[in-house]
Amino acid sequence: MALCSIFCPLIPLRFRSKPISPFLSKPLFSLSFRVYSSQQPSPSTKDELGTVSIGFLGLGIMGSPMAQNLIKAGCDVTVWNRTKSKCDPLIGLGAKYKSSPEEVTAACDLTFAMLADPESAIDVACGKNGAVSGISSGKGYVDVSTVDAASSMLISKQIKDTGALFLEAPVSGSKKPAEDGQLIFLTAGDKLLYEKAAPFLDIMGKSRFYLGEVGNGAAMKLVVNMIMGSMMASFAEGILLSEKVGLDPNVLVEVVSQGAINAPMYSLKGPSMIKSVYPTAFPLKHQQKDMRLALGLAESVSQSTPIAAAANELYKVAKSYGLSDEDFSAVIEALKAAKSQKA
Ligand SMILES: NC(=O)C1=CN([C@@H]2O[C@H](COP(=O)(O)OP(=O)(O)OC[C@H]3O[C@@H](n4cnc5c(N)ncnc54)[C@H](OP(=O)(O)O)[C@@H]3O)[C@@H](O)[C@H]2O)C=CC1
Ligand SMILES: O=CC(=O)O
């Protein structure tokens, strides 16, 4: 009945247990399906975007600029965050506020969630006054947090049991890409919701991949971040080694930037790492969480990942030094400490 309702909007109201949002039943925009695309002009006008009510749960480093971009594009956005004060700047920009995830999903056609980790993503979706309690048939829930596949599947099941649709859509790209609307979405789940959410993903991002069944988006994100975490740890070793043998690490950063191993994060973070400053874009605690979840993924298929395992140990050491909320490039401090202990 519930799923049928999504595709049969004319079912008499008396047969429905909850009111059905027209969001998933009306043709919103000219729908585009892109496995990959670079930034394209949005097919929608500001007025069209405003006809879908959007919820946003979780206004941290990533969630705040993502919600802000939706508001600036003309979307009708309702926000919630555990720490209410983080809602205030967005309310100032025109967002509505609700005091629980349940109230947000009850009020909105399409709700995005950007939470810290599996525990918070599950709690906000499935806990007391959570998103599941307010959502219903005809609506959609898009979880853009970085979590493991099992957590995503659990949230998906509970959302879908209400008749609503679910999409996991973790993002690659950090604070600046979030501010610039240049994120990469790694989506999986209900294809209809992917298509309906596409205009909004395109406001927040530069590209989107649809990867099939729930779990594939989470897995892709964890593999990408496992590589990134190992790259950063290796870069940190290189900076310290270059200094120790009397080279100028700034020159190392320049050399790396011109060669085949060039990566934007090296040029971006190298100079501040050399100065031992770590302005937070991607918190170290989240990078260690991603390493841990990626190692769990590898374990589940007996894939050997010794480099990621070693890098994970460094992030754990850095956390034990109180660096959890610093940028993940602060992992270099774990190596400095090891160096001075041996000296
Ligand atoms: N920063 C980055 O560069 C990137 C981060 N990510 C991923 O995006 C997600 C969010 O990252 P980011 O914005 O940086 O993280 P932040 O730590 O800045 O924000 C985390 C958000 O989760 C909320 N939260 C944490 N615990 C709970 C809880 N128990 N109940 C309810 N809400 C909770 C926080 O609320 P409160 O404000 O109350 O603490 C906050 O809104 C993470 O999964 C991260 O791995 C993905 C790509 C890039
Ligand atoms: O998850 C972090 C990122 O930069 O992507």
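What you are looking at is a predicted structure, and each value in this text was computed from that prediction instead of being measured.

*Asks:* Would you mind going over the UniProt feature "active site" (unreviewed entry) in the protein chain with me for this structure?
*Replies:* Per the UniProt record, "active site" (unreviewed entry) is annotated on Lys221. Its place among the elements puts Lys221 in helix α11 (residues 216-244).

*Asks:* Would you mind showing me how to read the site of ligand 1 here?
*Replies:* Around ligand 1 sit 25 residues in total, of which Asn81, Thr83, Lys86, Ser174 and Lys289 are the nearest. The separation between a nitrogen atom of ligand 1 and a polar main-chain atom of Ala281 is 2.8 Å. A distance of 3.0 Å is found between an oxygen atom of ligand 1 and a side-chain nitrogen or oxygen belonging to His286. Contact with the protein chains removes 88% of the 900 Å² of surface that ligand 1 exposes when unbound. Contributions of two or more residues to the shell around ligand 1 are made by α6 (118-126) and α14 (284-300). Its residues assigned to classes, the shell around ligand 1 comprises 11 nonpolar, nine polar and five charged.

*Asks:* Can you help me understand the site of ligand 2 in this one?
*Replies:* For ligand 2, the full set of nearby residues is Ser172, Gly173, Ser174, Lys221, Asn225, Met228 and Phe282. A distance of 2.9 Å separates an oxygen atom of ligand 2 from a polar backbone atom of Gly173. One nitrogen or oxygen atom from the side chain of Asn225 is found 2.8 Å from an oxygen atom belonging to ligand 2. When the free accessible area of ligand 2 is taken as 190 Å², the share hidden by the protein chains comes to 89%. Sorting elements by how many residues they give to the shell around ligand 2 places α11 first, with three residues. Split by residue class, the shell around ligand 2 holds two nonpolar, four polar and one charged.

*Asks:* How do you make sense of the nonpolar core when you look at a structure like this?
*Replies:* Across soluble globular proteins, you tend to see nonpolar side chains buried next to one another. Ranked by size, the top nonpolar core spans 39 residues in total, and within it Phe56, Met66, Leu70, Leu110, Phe112 and Phe200 carry the most contacts. Mapped by element, the contributors of at least two residues to this core are β1 (53-57), α3 (63-72), β2 (76-80), β4 (110-113), β6 (165-168), β8 (183-189) and α10 (191-204). Excluding its chain neighbours within four sequence positions, the residues that come into contact with Met66 are Phe56, Met114, Val144, Val171, Ala178, Leu183, Phe185 and Met204. Membership of the second largest hydrophobic core comes to 34 residues, among which are Ala263, Met273, Tyr278 and Met291.

*Asks:* How do you make sense of the side chain of Ser242 when you look at a structure like this?
*Replies:* One can find Ser242 in helix α11. Residue class for Ser242 comes out buried when judged on its relative accessible area of 5%. Separated by 2.7 Å, the side chain of Ser242 and the backbone oxygen of Ile239 make a polar contact. For Ser242, the contacting residues outside a window of four places in its chain are Leu247, Pro249 and Leu252.

*Asks:* Would you take a moment to explain the packing of aromatic side chains for this structure?
*Replies:* Two measures describe an aromatic ring pair: the distance that separates the ring centres and the angle between the ring planes. Summed over all chains, the structure comprises five aromatic pairs. Between Tyr194 and Tyr210, the ring centres sit 5.0 Å apart and the planes meet at 45°, which makes this aromatic pair tilted. Taken as a pair, Tyr194 in helix α10 and Tyr210 in strand β9 (residues 205-210) lie far apart in primary sequence, 16 residues in all. By the burial criterion, Tyr194 is buried, and Tyr210 matches it. With a centroid separation of 5.4 Å and 65° between ring planes, the pair formed by Phe282 and Phe328 is classed as edge-to-face. Here the residue Phe282 occupies a position in the loop between α13 (264-274) and α14, and Phe328 occupies one in the loop between α15 (306-320) and α16 (332-342), the gap between them amounting to 46 residues. Phe328 shares its class with Phe282; the two are buried. Sitting over the ring of Tyr97, Lys84 keeps its end group 4.8 Å from the ring centre. Geometry around Tyr210 places Lys191 over its ring, the cationic atom sitting 5.4 Å from the centre.

Rules used throughout
- Residues numbered from 1 in each chain as written.
- Chains lettered and ligands numbered in written order.
- Predicted model: local features only at pLDDT ≥ 70, side-chain atom pairs only at ≥ 80, totals over all residues.
- Heavy atoms only, no water.
- UniProt positions renumbered as here; feature names shortened; annotations may be inferred.
- Helix = DSSP H or I, 4+ residues; strand = E, 2+ residues; numbered from the N terminus.
- Near = heavy atom within 4 Å.
- Polar contact = N/O pair within 3.5 Å; in protein donor to acceptor, adjacent residues only side chain to side chain.
- Areas by Shrake-Rupley, 256 points an atom, 1.4 Å probe, with all protein chains shown as cover.
- Nonpolar A, V, L, I, M, F, W, Y, C, P; charged D, E, K, R; others polar.
- Core = buried A, V, L, I, M, F, W, Y, C linked by side-chain atoms within 4.5 Å.
- Buried < 20%, exposed > 50% of the residue type's maximum accessible area, 1.4 Å probe, protein only.
- Contact = heavy atoms within 4.5 Å.
- Phe/Tyr/Trp six-rings, centres within 6.5 Å; stacked < 30°, edge-to-face > 60°.
- Lys NZ or Arg CZ within 6 Å of the ring centre and 35° of its normal.

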